[in-house]
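Chain by chain, the residues:
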Amino acid sequence: SSDLVPFEPIQKPVPTAKARPWTHKNYLIRPLATFDVTGRVLLTEDFGSGREAELSPKDLTLGWGTMSHNRYLKQLSLSHSGRFYQWQTQEEGVDKDTVTRSSANMHFIPANDTVAAILKGIRRDDLVRARGYLVQVEAPDGWHWVSSQVRTDTGAGACELIFTEQLEVLLSPPTPPGP
């Protein structure tokens, strides 16, 4: 296959030794699964205010498999609406299940300043790998935010919420020369 990213995200049960919740920025973080995703950045969206932004300042919509491939992506029009991602197409050859199964909008919670700095610099079409945990976040006042744990869902609650311990840009498209 000529997919840029041939494999799906890897999700596994949290090892018993790591299963205890921890505190991050005064929130309780409960690990739901370990998560390792390599994907092509289809969209990025920065957030500056609100509780979610405090934890997760940037969303990346990632694609893998068919959704990392130029030929397929050319048939789609992608956009962000708040913390969701939407797509449209006029083409016959686009399969809704393929889009749903091979892409997701993901909320990244940087575990440290290094990850935060890398996240800040990520651009559309970068190829990235992120490792950490899918999590549930709880605030002392009862507010909570919960990750999806499947790749086949859509709509509210369908986004992955990743406590990101490692983040790397594997490949960046060349920057066009300046004026």
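Residues numbered from 1 in each chain as written. Predicted model: local features only at pLDDT ≥ 70, side-chain atom pairs only at ≥ 80, totals over all residues. Heavy atoms only, no water.

**A few points about the packing of aromatic side chains**
Now for step 1: The final tally for this structure, using the stated rule, is 4 aromatic pairs.
Now for step 2: Here tryptophan 143 and tryptophan 145 contribute two aromatic rings whose centre-to-centre distance is 6.2 Å and whose plane-to-plane angle is 50°, an arrangement assigned as tilted. An identical accessibility class is assigned to tryptophan 143 and tryptophan 145; each is buried.
Now for step 3: Members of the aromatic cluster, each reached through a chain of ring pairs, are Trp22, Tyr133 and Phe163.
Now for step 4: In this arrangement the basic side chain of arginine 83 is found over the ring face of phenylalanine 47, its NZ or CZ atom lying 3.8 Å from the centre. (Phe/Tyr/Trp six-rings, centres within 6.5 Å; stacked < 30°, edge-to-face > 60°. Buried < 20%, exposed > 50% of the residue type's maximum accessible area, 1.4 Å probe, protein only. Lys NZ or Arg CZ within 6 Å of the ring centre and 35° of its normal.)

**Brief notes about the nonpolar core**
For soluble globular proteins, nonpolar side chains are generally found buried alongside one another.
Now for step 1: If you look at the biggest cluster of nonpolar residues, it comprises 20 residues, and the most contacted ones within it are Val37, Leu60, Leu62, Trp64, Met106 and Phe108.
Now for step 2: The residues contacting phenylalanine 108, other than those within four sequence positions of it, are Leu55, Ser56, Pro57, Lys58, Leu60, Leu62, Leu119, Ala130, Ile162 and Thr164.
Now for step 3: Listed in part, the 13 residues of the second largest apolar core include Ile29, Val137, Ala139 and Leu161. (Core = buried A, V, L, I, M, F, W, Y, C linked by side-chain atoms within 4.5 Å. Contact = heavy atoms within 4.5 Å.)

**Quick notes on the pairing of strand 7 (residues 103-110)**
Now for step 1: Taken across its 8 residues, strand 7 has 8 buried, putting it largely inside the fold.
Now for step 2: The two faces of strand 7 match: Ser103, Asn105, His107 and Ile109 on one face and Ala104, Met106, Phe108 and Pro110 on the other face are all buried.
Now for step 3: The sheet contact formed by strand 4 (residues 58-63) and strand 7 spans 6 bridges and is antiparallel. Bridging across to strand 7, lysine 58 finds its partner in phenylalanine 108. (Helix = DSSP H or I, 4+ residues; strand = E, 2+ residues; numbered from the N terminus. Pairing = 2+ DSSP bridges.)

**Some remarks on the pattern of salt bridges**
Now for step 1: Under the counting rule described, the total for this entry stands at 7 salt bridges.
Now for step 2: Across the pair aspartate 36 and arginine 129 runs a salt bridge, and its minimum N-O distance is 2.4 Å. Here aspartate 36 is found in strand 3 (residues 27-46), whereas its partner arginine 129 is found in strand 8 (residues 127-138), with 93 residues between them in sequence.
Now for step 3: Glutamate 160 serves as the salt-bridge partner of arginine 151, at 3.0 Å between the closest nitrogen and oxygen. Residues arginine 151 and glutamate 160 agree in their burial class; the two are buried. (Salt bridge = Lys/Arg side-chain N within 4 Å of Asp/Glu carboxyl O.)

**A look at unusual backbone geometry**
Now for step 1: Of note in this structure, lysine 25 is not a glycine but carries a positive phi near 50°.
Now for step 2: With respect to the helices and strands, the residue lysine 25 is situated in the loop between strand 2 (22-24) and strand 3.
Now for step 3: On the basis of relative accessible area, lysine 25 is assigned to the partly exposed category, the value being 46%.
Now for step 4: Phi at aspartate 125 is positive, roughly 80°, even though this residue is not glycine.
Now for step 5: Residue position: aspartate 125 is located in the loop between helix 4 (113-121) and strand 8.
Now for step 6: The class for aspartate 125 is partly exposed, based on a relative accessible area of 35%.

**Here we look at the side chain of serine 102**
Now for step 1: With respect to the element layout, serine 102 can be found in the loop between helix 3 (96-101) and strand 7.
Now for step 2: Beyond its immediate sequence surroundings of up to four residues, serine 102 is in contact with Leu62, Gly63, Trp64, Thr66 and Met67.

**Brief notes about the pairing of strand 3**
Now for step 1: Relative to strand 3, strand 1 (residues 10-12) runs antiparallel, the two being bridged by 3 bridges. Note on strand 3: the bridge partner recorded for lysine 12 is threonine 34.
Now for step 2: As paired strands, strand 2 and strand 3 are joined by 3 bridges and run antiparallel to one another. Its bridge partner lying in strand 3, tryptophan 22 is registered against isoleucine 29.
Now for step 3: Linking strand 2 to strand 3, which pair antiparallel, is a turn of 2 residues; within it lysine 25 sits at a positive phi near 50°.
Now for step 4: With 12 bridges connecting them, strand 3 and strand 8 associate as antiparallel partners. Residue pairing across strands places threonine 34 opposite tyrosine 133, the latter belonging to strand 8.
Now for step 5: Relative to strand 4, strand 3 runs antiparallel, the two being bridged by 6 bridges. Across the sheet, threonine 44 pairs through a bridge with leucine 60, a residue of strand 4.

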